[in-house]
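Coordinate inspection notes
Here is how the chains run, residue by residue.
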Amino acid sequence: MTLADFLRGELGLTGTHLGCEHGVCGACTVLIDGASARSCLTLAVQAAGHEVTTIEGLGTPENPHPLMRAFSEMHGLQCGFCTPGFIVSAFEYLREHPQPNREEMRRDLSGNICRCTGYVKIFASIERAAELMSS
Amino acid sequence: MTWVGQRVARKEDLPLVTGTGLYVPDLKLTGTLEVAFVRSPHAHARITALDTAEALQAEGVVCVLTGPEIRGKVRPMVLDQEAAPPGLETAEPEIHPATIEILADGEVRHVGQAVAAVVADSRYRAEDAAELVRVDYEELPAAIDPQKRDNPIVFENVPGNVQARYRIRVGDADAALAGAAHRLALNVRSQRVTAAPMETRGVLASTVGEETNVWSSTQIPWWVRNAIAGSLGIPQRLVRVQIPHMGGGFGLKVNVYPEEVLITYLSRLLQRPVRWVEDRVEHLIASGHARDQLHHVEAAFEDDGRITAVRDRFVLDSGVACPYPLSSAYNVASHFRSMYAIPHFAIDGECVLTHKMFNLPYRGAGRPEAAFVMDRVMNAVAQELGLDPADVIRRNLIPDEAQPYSMRMPYRDGHEVVYDARGFPAAFERLLELIGYEEHRRSPRPGRGIGLGTYVEGTGVGPFESGQLQLDSEGRVVVYSGCAPHGQGLETTMSQVVADAFGLTPEAVVFKAGDTALMPFGAGTFASRSVVTAGAAIIESSNRLLNRIKAIAGELMEMAPEDLEVGEGMVRARGVPTRGVSLKEVFRASSPGPGARLPAGMDAGTTETFYWVPPTVTWGFGVVGAVVQVDPETGVVKVEKLVMLHDCGRVINPLIVEGQVEGGLLQGVGATLYEEVVYDAAGQPRATTFLDYLLPTSAEVPEIVQESLEGAPSERNPLGVKGVGESGPIAPPAAIANAIIDALRPLNVQLNELPLTPPKVLAAIEQARA
């Protein structure tokens, strides 16, 4: 069983989405010991003994992560299907680059596909989140 | 405070950003069975043997269905939803209904067609058992190239495989071409693409007794309900279709699919919840494709670049069906001449069946194809005459004094195409200014080019849309609509509209849509129509509800309704703000029975409904400029900047409009440079994963500059709005192609076949050098 199916089916953590199941779109991105991974290409058993962080672990509706607030504020999502994976990737990116710049973001986030936004407002959302997180 | 026009953050976002949204694959119902399909590996074949015995024995399998087993119980869908309306007679349309089979019965007609459905207690087991279904095929000759006239017949009811055809004649293009000072001819192709929403399709059906609840990732819940009922031969009331959260559509989910019918049937048969979630490989071969048009165009023009006539003949490769021939093909004719005054125009379009997946109206629906042809012609005229392409466009633009301009042909709704927009020249000059056109022409840099494109867009098409308003016990305004939002932010924009009408905040408005239990009639969200049509229905029902509220409050306050005003949750006496009743009190007074305080003759409750039937479409337009950098050694193109100016009438939420335009533009970049659904000569699809079907990523995003023109509000709907959802992808193909041609000057390159991949650019360079 894949890690994605385990998270979604066995644990009921359906915030991790499946967009392609062949490791291209990034909708299923989670953190394994803090590093981003495709949960569709990872077997659940491979995660045994490791710490897995999903979108649900970053924030909740009652206490949303600054990235979550920023995505809404800057309109960094439309249909929302790619959004959890994007936020997980952006979380990792901001941890490594607390002061984001667009050229880096264009490259570092190119493993997450969004079909709705054209990415422009996703970049703006991540920049806004960096502001929120530093204040 | 007025909410319309504000950059309001969306109401729908919190569940989506926190991962607590619920899409079809996330819904949980006890005892849900999962389905995997056995699909055809052949473009065209006869099924000679079909054996499900071994699959039925597999662990966890509950049922396996095949075409012969559902014969007489589940009818194929015969879709004639786009029969020609009155007014379209001059186009001489000939349209045959599209047939969509639920499961293949004896014959398969495209790779990916469903042959058998395997139902098991888990998807893993269903997929394993699907491999145990034995199907023997006898391959048959297949129709692959729609240009060939001796293809095997795909469906007997479609003679010559021509499912739809039409012709338009404005003026006398033949005579104008015969007597022209200059002429040119091009073959222009928009390739087969797919919308590729990030959520694939999915259906969950649950049956209690005779009634089935269907959750589907669809843009058209009411039509899905009607089609399911029709196919199963049951009353519509026994099927409720709703969309939970939905991960995009772009036109791909604007059709009723076989799986929606079959999953409903299975749930009714087994009396259990049954779900199917499409995987991405299935999506790329068994969800609708789009575009796929080959045009042969001729143009007549004067020495100064003014085009006097255009004659176009095109074939749309329908695959096994073109369920919306007017949207996919007739839109080409009605948008072809874009912002230009071209007096003579002739076009002949055909939708031709082949043994491929069916063809649907993807975002733009005929407009990107038309705009690509028209603005390639504009640029080719400039190349031919050695003129600046901007001058050629300028000389052909419809001047303001000629507006409202009639294109002297019917729209697909049967009404005459008359633009209700103006300011084409001003928008074009502003584009040149924003993109730095003059400076680029004065001092071009090696490998850098600027190209231009234009478009018009009929938006807010019928047939109708619904709006229903009522108060709730908290004094909030509850809005129902037949639209089906899935990312467009309609909950927010419609709440802004209603908030203004009632003097409330958007938070005090509750918006619900996309559920057939809400109202008897609805259409859906597609074709840049929801803000126009649902917006009009909602504003009209708002007016009715305001009148009702004032009448009831008048009864409570013993005042004339005309002397009352509604705002901030209260109904107050005009000029006497201390005297008033709350909307909660109005709600209580509207209740049936002894508590009622209704004016004589008024029914209980507060529900008001309006069905908006648009007079015809309202016309948006726009201009797009592309800046590209081309490497002539490799043929690699980088789009550095896109500038777009667009008229969408009155803007309700600029943030949302910007998002629609940005996303649309990038889909346009994808269709221009990267994306193609490739079939080989045997009808085998060759792009079956996202490794082969290349979507633009963040690394491909150009700098995007946009301005909303906000000309006069539309007079064709009460909100003064025009649609904007589809505008983004229309003009980029022509603008980018023209920019590449510009970058390669002084070579006289022609680029007329999308996508413009590096090998194609290199080939064009070599051809120009030869």
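Scroll up a little and you will see the structure.
Starting from 1, residues in each chain are numbered consecutively following that chain's sequence as written. Chains carry letters and ligands carry numbers; both start at the beginning, A for chains and 1 for ligands, and go up in the order they are written. In keeping with the predicted nature of the model, local features appear solely for residues at pLDDT of at least 70, side-chain atom pairs appear and are counted solely at 80 or more, and the whole-chain, interface and lining totals rest on all residues. Processing note: side-chain calculations cover all non-hydrogen atoms of the structure and skip hydrogens and water entirely.

Another point: the pairing of strand E24 (residues 509–513) of chain B. All names here are of chain B. The buried label goes to any residue with under 20% of its type's maximum accessible area, the exposed label to any with over 50%, and the partly exposed label to all in between, with areas taken from a 1.4 Å probe on protein chains only. Secondary structure elements follow DSSP: runs of H or I of four or more residues count as helices, runs of E of two or more count as strands, with numbering from the N terminus. Judged by which residues are buried, E24 turns out to be one-sided: Val 509, Phe 511 and Ala 513 face inward and are buried, whereas Val 510 and Lys 512, on the alternate face, are not. When DSSP finds at least two bridges between two strands, those strands are taken to pair. Note: strand E23 (residues 477–481) against E24, five bridges, orientation parallel. Counterpart to Val 478 in the pairing with E24 is Val 510. Convention used here: a crossover is right-handed provided that the path from the first strand, over the helix, to the second strand proceeds clockwise when the strands point away from the viewer. Taken together, E23, helix H14 (residues 490–502) and E24 form a β-α-β motif whose crossover is right-handed.

This paragraph deals with the nonpolar core. For this analysis, a nonpolar core means a set of buried residues of the types Ala, Val, Leu, Ile, Met, Phe, Trp, Tyr and Cys, connected via side-chain atoms within 4.5 Å. Of all hydrophobic cores here, the largest spans 211 residues; its most connected members are A:Ile126, B:Tyr166, B:Ile168, B:Leu262, B:Phe336 and B:Ile740. It is helix H10 (residues 367–385) of chain B that provides the largest number of residues to this core, a total of ten residues. Those residues in contact with B:Phe336 that lie beyond four places of it in its chain are B:His295, B:Val297, B:Val310, B:Asp312, B:Phe345, B:Ile347, B:Ala370, B:Val373 and B:Met374. For this analysis, residues touch if any pair of their heavy atoms sits within 4.5 Å.

Moving on: the packing of helix H3 (residues 66–73) of chain A against helix H6 (residues 120–134) of chain A. All names here are of chain A. Running from N to C, H3 and H6 point in directions that differ by 135°, and their axes come no closer than 8 Å. Put simply, H3 runs oblique to H6. In this structure, the crossing between H3 and H6 has a hand that is right-handed. In contact with Pro 66, Leu 67, Arg 69, Ala 70, Phe 71 and Glu 73 of H3, H6 contributes Ile 122, Ser 125, Ile 126, Arg 128, Ala 129, Leu 132 and Met 133. Among the residues making up the contact of H3 with H6, the classes are represented as nine nonpolar, one polar and three charged. Between N-to-C directions, angles cover 0 to 180 degrees, with each direction set by a line fitted to C-alpha atoms, over the stretch in contact for helices. For this classification, under 35 degrees means roughly parallel, over 145 means roughly antiparallel, 65 to 115 means roughly perpendicular, and everything else is oblique. In this scheme, a crossing is called left-handed if the near helix is turned counterclockwise away from the far one by less than a right angle; it is called right-handed if the turn is clockwise. Each residue gets one label: Ala, Val, Leu, Ile, Met, Phe, Trp, Tyr, Cys and Pro are nonpolar, Asp, Glu, Lys and Arg are charged, and the others, such as Gly, are polar.

This part covers the state of the cysteines. Cysteine sulfur atoms that pair up within 2.5 Å are treated as a disulfide. In total, this model carries zero disulfides over all chains according to the counting rule given. With no disulfide of its own, A:Cys82 lies closest to A:Cys114 among cysteine sulfurs, the gap being 3.8 Å. In this structure A:Cys82 comes out as buried when scored by relative accessible area, which is 7%. For B:Cys648, which is in no disulfide, the shortest distance to another cysteine sulfur is to B:Cys483 and amounts to 17 Å.

So, on to the packing of aromatic side chains. Residues and elements named next belong to chain B. Pairing of aromatic side chains requires ring centres within 6.5 Å, counting the rings of Phe and Tyr and the six-membered ring of Trp. Pairs whose planes differ by under 30 degrees are stacked, by over 60 edge-to-face, and all others tilted. For the coordinates displayed, the defined rule picks out 14 aromatic pairs over all chains. Both rings, one in Phe 37 and one in Trp 276, keep their centres 5.6 Å apart while their planes meet at 85°; by these two values the pair is edge-to-face. Placement of Phe 37 in strand E1 (residues 33–39) and of Trp 276 in strand E15 (residues 274–277) is noted, with a sequence separation of 239 residues between them. The exposure classification of Phe 37 matches that of Trp 276, with both residues buried.

Think of a salt bridge as a Lys or Arg side-chain nitrogen and an Asp or Glu carboxyl oxygen that are within 4 Å of each other. Applying the stated criterion to the full structure yields 59 salt bridges over all chains. For the salt bridge of A:Arg106 with A:Glu103, the shortest nitrogen-to-oxygen distance reads 3.4 Å. Of the two residues, A:Arg106 and A:Glu103 are both situated in helix H5 (residues 102–108); the distance of three residues between them amounts to about one turn of the helix. We classify A:Arg106 as buried; its relative accessible area is 13%. Salt-bridge contacts for B:Asp105 lead to B:Arg71; the nearest nitrogen and oxygen are separated by 2.7 Å. Here B:Arg71 lies in the loop between helix H3 (67–70) and strand E4 (77–79) and B:Asp105 lies in the loop between strand E6 (98–100) and strand E7 (107–108), a separation of 34 residues in the sequence. Put simply, B:Arg39, B:Arg123, B:Glu127, B:Arg201, B:Glu259, B:Glu278 and B:Glu282 are held in one network by salt bridges that share partners.

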